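Here's the letter readout for the chains.
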Amino acid sequence: MTTVTSPLAGEAIGLANVPDPVFSGAMVGPGTAIKPQPGAGEAVSPVDGTVVSLHPHAFVVLDDEGHGVLIHLGIDTVQLNGEGFELLVEKGDTVKRGQPVIRWNPTAVEAAGKSSICPVVALEASADQLADVAETGPLATGDTLFTWKQ
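Residues numbered from 1 in each chain as written. Predicted model: local features only at pLDDT ≥ 70, side-chain atom pairs only at ≥ 80, totals over all residues. Heavy atoms only, no water.

A. Region of the structure containing unusual backbone geometry. A positive phi angle, near 60°, is found at D76, a position not held by glycine. Of note in this structure, N81 is not a glycine but carries a positive phi near 55°. Within the secondary structure layout, N81 lies in the loop between strand 7 (68-72) and strand 8 (86-87). (Helix = DSSP H or I, 4+ residues; strand = E, 2+ residues; numbered from the N terminus.)

B. Region of the structure containing the packing of aromatic side chains. Following the criterion strictly, the structure yields 1 aromatic pair and no others. For the pair F85 and W104, a centre-to-centre distance of 6.1 Å together with 10° between the ring planes defines the contact as stacked. Of this pair, F85 sits in the loop between strand 7 and strand 8 while W104 sits in strand 10 (residues 100-104), placing them 19 residues apart in sequence. (Phe/Tyr/Trp six-rings, centres within 6.5 Å; stacked < 30°, edge-to-face > 60°.)

C. Structural view of the sheet that holds strand 8. Spatially, 3 strands are ordered 4-10-8 in an open sheet, and the strand pairing comes out antiparallel. Lying at the two open borders of the sheet, with one neighbouring strand each, are strand 4 (41-44) and strand 8. (Pairing = 2+ DSSP bridges.)

D. Region of interest: the sheet that holds strand 14 (residues 144-148). Spatial ordering of the open sheet is given by 1-14-12, a layout of 3 strands whose pairing is antiparallel. Here the strands that pair on one side only, and so sit at the sheet edges, are strand 1 (2-5) and strand 12 (130-131). Bridge analysis of strand 1 against strand 14 gives 4 bridges, and the strand direction is antiparallel. Note that in strand 14 the partner of T2 across the bridge is W148.

E. Quick peek at the confidence of the model for the protein chain. For the protein chain, mean pLDDT is 95; residues scoring 70 or higher make up 100% of the total. Looking across the protein chain, the model is least confident in helix 1 (residues 21-24), with a mean pLDDT of 92, and most confident in strand 9 (residues 94-95), with 98. (pLDDT = per-residue confidence, 0-100.)

F. Highlighting the side chain of T147. You can see T147 is positioned in strand 14. You can call T147 buried: its relative accessible area is 9%. Those residues in contact with T147, other than ones at most four positions away along the chain, are M1, T2, T3, Q129, L130, A131 and D132. (Buried < 20%, exposed > 50% of the residue type's maximum accessible area, 1.4 Å probe, protein only. Contact = heavy atoms within 4.5 Å.)

G. Focus on the environment of L130. Within the secondary structure, L130 sits in strand 12. Residue class for L130 comes out buried when judged on its relative accessible area of 9%. On a C-alpha basis, the gap between L130 and L80 in space is 32 Å, while along the polypeptide they are 50 residues apart. Among all residues touching L130, those that are not within four sequence positions of it are P30, G31, A122, F146, T147, W148 and K149.

H. Spatial organisation of the pattern of salt bridges. Under the defined criterion, the tally for this structure stands at 3 salt bridges. Between K35 and E110 there is a salt bridge, with the nearest N and O atoms lying 2.3 Å from each other. You can see K35 sitting in strand 3 (residues 31-36) and its partner E110 sitting in helix 2 (residues 106-111), a full 75 residues away along the chain. For R103, the salt bridge is made with E86, and the minimal N-O distance between the two is 2.9 Å. (Salt bridge = Lys/Arg side-chain N within 4 Å of Asp/Glu carboxyl O.)

I. Representation of the environment of F85 within the structure. Under the relative-accessibility criterion, F85 is labelled buried at 12%. Taking the C-alpha atoms as reference points, F85 and L73, separated by 12 residues in sequence, lie 9.4 Å from one another. The residues contacting F85, other than those within four sequence positions of it, are P56, H57, L73, T77, L80, I102, R103, W104 and V109.

Below, the structure written as structure tokens:
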């Protein structure tokens, strides 16, 4: 069993409320989403593992059980070409839960005309493999988002 924690502080909103049909339709996988607090901050690793994919706007951490967790910082933020995002680790690095991975500013993302909502997705999973999914309410960095049962 893997506990996935919040990579940033904000408000849990549930994946169905993400303004992108790929995420809201759980096409990438089940999970939840976070409306981040305004201002500059860091997105941290939600699990202990290895960074297997890293882009300025998104990253995937694979834990020791083979669970991949995608953290996507905002919607359509790939169009910002990395501006406003600072990578703090490299692909292939081993990270600990809570370790900063990317520095960014949700307020700047919104000023650039993009949504700052952050999907957190369990890759290659089905919804019935997740429990205790946070879909409403305030979140602090490190609060439990969901538990991966298998």
